[in-house]
Amino acid sequence: MIWKHIKKVSCIVSVIGAILIDRLIPNSVEQPQANATYFLYFLYIVGTLFVAVYITALFHEGVSKKLEETSPLIAGGILILNIINIVCSKLALLPVLFFPSLDRVFGVFVNDRVLMLECILSSGRLLVIGFVIGALLGFITGLLLGFNRKIAYWVNPLTKVIGPIPATSWSPLVLSLFSTSYQAAVFMIALSVWFPITVMTSSGIQNIQQSYFEVADTLGAGKLYKVFRVGVPAAMPSIFLGLFYATTGAFITLVTAEMFGCKSGIGWYLNWQKSMMLYANVYAGLILLAVLCNLIIKILFKFKDRILIWQKGVIKW
Amino acid sequence: MVGEIKIENASKYFNNPDGSILTALNDVNLTVRSGSFISLIGPSGCGKTTLLRAIAGLNLVDEGTIYIDQEPITKPGHDRGFAFQQANLYPWLSIEKNISFGLKARRIYQSKKEDVAKYIEMVGLKGFENAYPHQLSGGMNQRASLARALVGHPKVLLLDEPLGALDAFTRMNMQDEILRIWKEHEMTMIMVTHDVDEAVYLSDQVVIMTPRPAKIEQVIDIELGRPRARGSNDFLKYRTKILEILNFAGENKEPEYYL
């Protein structure tokens, strides 16, 4: 009982500890000062939030369970930030150029918010366009490979040769072939998405038990009906696996492609800030990237749970 | 009335992995009267499932011809329903959608909607329409599978040991259920089974097949009125007779006193 309580308050305790240390120990003079104490603001927000959740948990069983589960993890995260704060800002044990204070890193999200939002939108647009093109083409190729022996004979070797080449290694070629670097980026993202979806779709179809098609035959289903009403749904778990591989691959390609030629986007932002030696901004960009990638995969899993409700829990994230 | 199956000189060969040829059906001749119930019985390897799949059009015979109402069978069709040994329901479809799959594939679902509800009720799955196959027991899935084969009103229903996976009690209930459906819809039924009692209980004719080479050993007419009493003398006589033929035709022809 006591233990449960300790778990629940652990996060608030950790936040209070971090606040006390930040306020009591003065910052090292070596570390450039931020224009405001953004890390402290962040801690205040997290602290207030969890105090509110804690109070709700007193009256609500479900919230209480959830809090007990997540609170220690958040507490651990805050503790790590606390240690980083001590090492970088308070004692300046590491080179201050590459290890900026947390105040400055968190400050970027406030000071650069308009530019960052533009970057998110630009990257998001690029990602969506490339992903949709690549996924559609991959799905079609996969279907053809899975269902048509002749096409499989001729196209499979091509897939095997082109597929494993990292999409970004095409950049020297496509940057000169396409008229804009934007088109080149779309091409590379589409390529990185196309391969895993093609492979997982066709292998998913080839692994379908024959009896599913025989049942459809005896019920009078036509060829196309069998492809789309038996083949595709039966291969869906495998296709989703392809989508996950594709998502991570697309992210890597997106950032690399943006570093090469684009004039906007998160990859461009990272590269630009690095060249200006603004490492606080680089860290902020990395955090942003991690949050976005996780968000997209979360959404994909929600989507999967809806579509594959008949086999819930087969792929766990 | 329709649904007459005529098998003429049907032979089927499979290639063994070692290059030899296995005779899966050897010159089989059989006529199944329209509207009758026949059972194919015999030890494994006697070709009964091969014959059933050939009638369904899932595997074609290499020699000879199989006719349905004088038409040679060249491919599967909805005039021949097939109840598989495993339920083989589509796991991504609910029970209701599984059962209506064939109707939708043939684009006649709109006009036959009531049939789906009727058959769901008939196989005792009312209230489970929206459940997924993995949520139901094996017996319930098997019944759904039977409803799926029946709802399209095939002329011939081919049953490949569809009751094999069920417990004895459910099995006997399902046998009565199948008989009722057979009488009500006046369709031809051809059933593969291992169970002699089941064959005698259900069939007008029992076709006994033997392996090596796979052929028809004997066709026995069961001249008993329905409903049949499973323990009656006449019933047991047929049962004994079939078992004798199966034993005699079996592999071990050596007398037991050698032991």
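Residues numbered from 1 in each chain as written. Chains lettered and ligands numbered in written order. Predicted model: local features only at pLDDT ≥ 70, side-chain atom pairs only at ≥ 80, totals over all residues.

Asks: Whenever I open this one, the packing of helix H2 (residues 38-59) of chain A against helix H3 (residues 61-90) of chain A confuses me. Can you help?
Replies: The relative placement of two packed helices comes down to the angle between their axes together with the axis-to-axis distance. Residues and elements named next belong to chain A. Interhelical geometry of H2 versus H3 gives an angle of 165 degrees and a closest axis separation of 11 Å. In terms of orientation, H2 and H3 fall into the roughly antiparallel class. Two packed elements cross with a definite hand, and for H2 against H3 that hand is left-handed. Two secondary-structure elements touch here, H2 through Phe39, Val46, Val53, Tyr54, Thr56 and Ala57 and H3 through Val63, Ser64, Leu67, Ile78 and Asn85. Residue composition of the contact of H2 with H3, by class: eight nonpolar, three polar and no charged. (Axes fitted to C-alpha atoms, helices over the stretch in contact; angles between N-to-C directions. Helix = DSSP H or I, 4+ residues; strand = E, 2+ residues; numbered from the N terminus. Parallel < 35°, antiparallel > 145°, perpendicular 65-115°, else oblique. Left-handed = near helix turned anticlockwise from the far one by under 90°. Contact = placed C-beta atoms within 7 Å. Nonpolar A, V, L, I, M, F, W, Y, C, P; charged D, E, K, R; others polar.)

Asks: What's the story with the nonpolar core in this structure? I'm lost.
Replies: Side chains of nonpolar character tend, in soluble globular proteins, to be buried together. Ranked by size, the top nonpolar core spans 77 residues in total, and within it Ile55, Ala144, Ala147, Leu157, Leu158, Ile190 and Val207 of chain B carry the most contacts. Counting residues per element, this core draws most heavily on helix H5 (residues 138-150) of chain B, at six residues. Not counting the four nearest positions on each side in its chain, Ile55 of chain B is found in contact with Ile5, Ile66, Ile73, Arg80, Leu158 and Ile190 of chain B. Within the second largest apolar cluster, 62 residues are counted, among which are Val15, Phe39, Phe187 and Cys262 of chain A. (Core = buried A, V, L, I, M, F, W, Y, C linked by C-beta atoms within 7 Å. Buried ≥ 20, exposed ≤ 12 C-beta atoms within 10 Å, placed from the backbone.)

Asks: Sorry if this is basic, but what is going on with the packing of helix H1 (residues 2-24) of chain A against H3 of chain A here?
Replies: Residue and element names in this part refer to chain A. The contact between H1 and H3 brings their axes to 8 Å, and the two run at 20 degrees. Regarding the angle of H1 to H3, the classification is roughly parallel. For the pair H1 and H3, the sense of crossing is left-handed. Seen from H1, the contacting residues are Lys4, Lys7, Lys8, Ser10, Cys11, Val13, Ser14, Val15, Gly17, Ala18, Ile21 and Asp22; seen from H3, they are Leu67, Glu68, Ser71, Pro72, Ile74, Ala75, Ile78, Leu79, Leu81, Asn82, Asn85 and Ile86. Partitioning the contact of H1 with H3 into residue classes produces 13 nonpolar, six polar and five charged.

Asks: Can you walk me through the domain arrangement of chain A in this structure?
Replies: Frequently, the measure chosen for interface size is the accessible area that the parts lose on association. Under the domain assignment, chain A is made up of domain 1 (2-103) and domain 2 (113-311). Distance between the C-alpha centres of domain 1 of chain A and domain 2 of chain A: 37 Å. (Domains from an automatic or database assignment.)

Asks: What should I look at first to understand the interface of chain A and chain B in this one?
Replies: With 15 residues of chain A at the interface, the matching set in chain B holds 19 residues. Of all elements in the fold, only helix H9 (210-218) and helix H10 (223-260) of chain A reach the threshold of two or more residues within the side of chain A that touches chain B. Among the elements that make up the side of chain A that touches chain B, the one with the highest residue count is H9 of chain A (seven residues). When its residues are assigned to classes, the side of chain A that touches chain B shows eight nonpolar, five polar and two charged.

Asks: Looking at this structure, how should I read the pairing of strand S9 (residues 205-210) of chain B?
Replies: For a regular strand, the rule is simple: side chains alternate between the two faces of the sheet. Residue and element names in this part refer to chain B. Extensive coverage of S9 is indicated by the burial of five of its six residues. In terms of strand pairing, strand S3 (residues 37-41) meets S9 through four bridges, oriented parallel. Looking across to S9, one finds that Ile41 is bridged to Ile208. Across six bridges, S9 lies against strand S10 (residues 215-221) in antiparallel orientation. By the bridge assignment for S10, Val206 is matched with Ile220. Joining the antiparallel neighbours S9 and S10 is a turn of four residues, in which Arg212 adopts a positive phi near 50 degrees. (Pairing = 2+ DSSP bridges.)

Asks: Any chance you could explain the environment of Ser34 of chain B here in plain terms?
Replies: Residue and element names in this part refer to chain B. Turning to its location among the elements, Ser34 is positioned in the loop between strand S2 (21-32) and S3. For Ser34, a count of 17 C-beta atoms within 10 Å gives the class partly exposed. Here the alpha-carbon distance between Ser34 and Glu186, two residues 152 residues apart in the chain, equals 8.7 Å.

Asks: Please clarify how the pairing of S3 of chain B should be interpreted in this entry.
Replies: All names here are of chain B. Most of S3 sits out of view: five of its five residues are buried. Alignment of S3 against strand S8 (residues 188-193), held across five bridges, turns out to be parallel. Each residue of the ladder has a partner; that of Phe37, found in S8, is Met189.

Asks: I'm lost on the domain arrangement of chain B in this one. Help?
Replies: All names here are of chain B. Taken domain by domain, chain B consists of domain 1 (5-79 + 155-258) and domain 2 (88-153). At the interface, eight residues of domain 1 touch ten residues of domain 2. Here the side of domain 1 that touches domain 2 is composed, by residue class, of five nonpolar, three polar and no charged.

Asks: Please clarify how the confidence of the model for chain B should be interpreted in this entry.
Replies: As a general rule, the predicted coordinates of low-pLDDT regions are not to be interpreted in detail. Taken as a whole, chain B shows an average pLDDT of 87; of its residues, 95% reach a score of 70 or greater. If you check the scores for this complex, the pTM reads 0.81 and the ipTM reads 0.87. (pLDDT = per-residue confidence, 0-100.)

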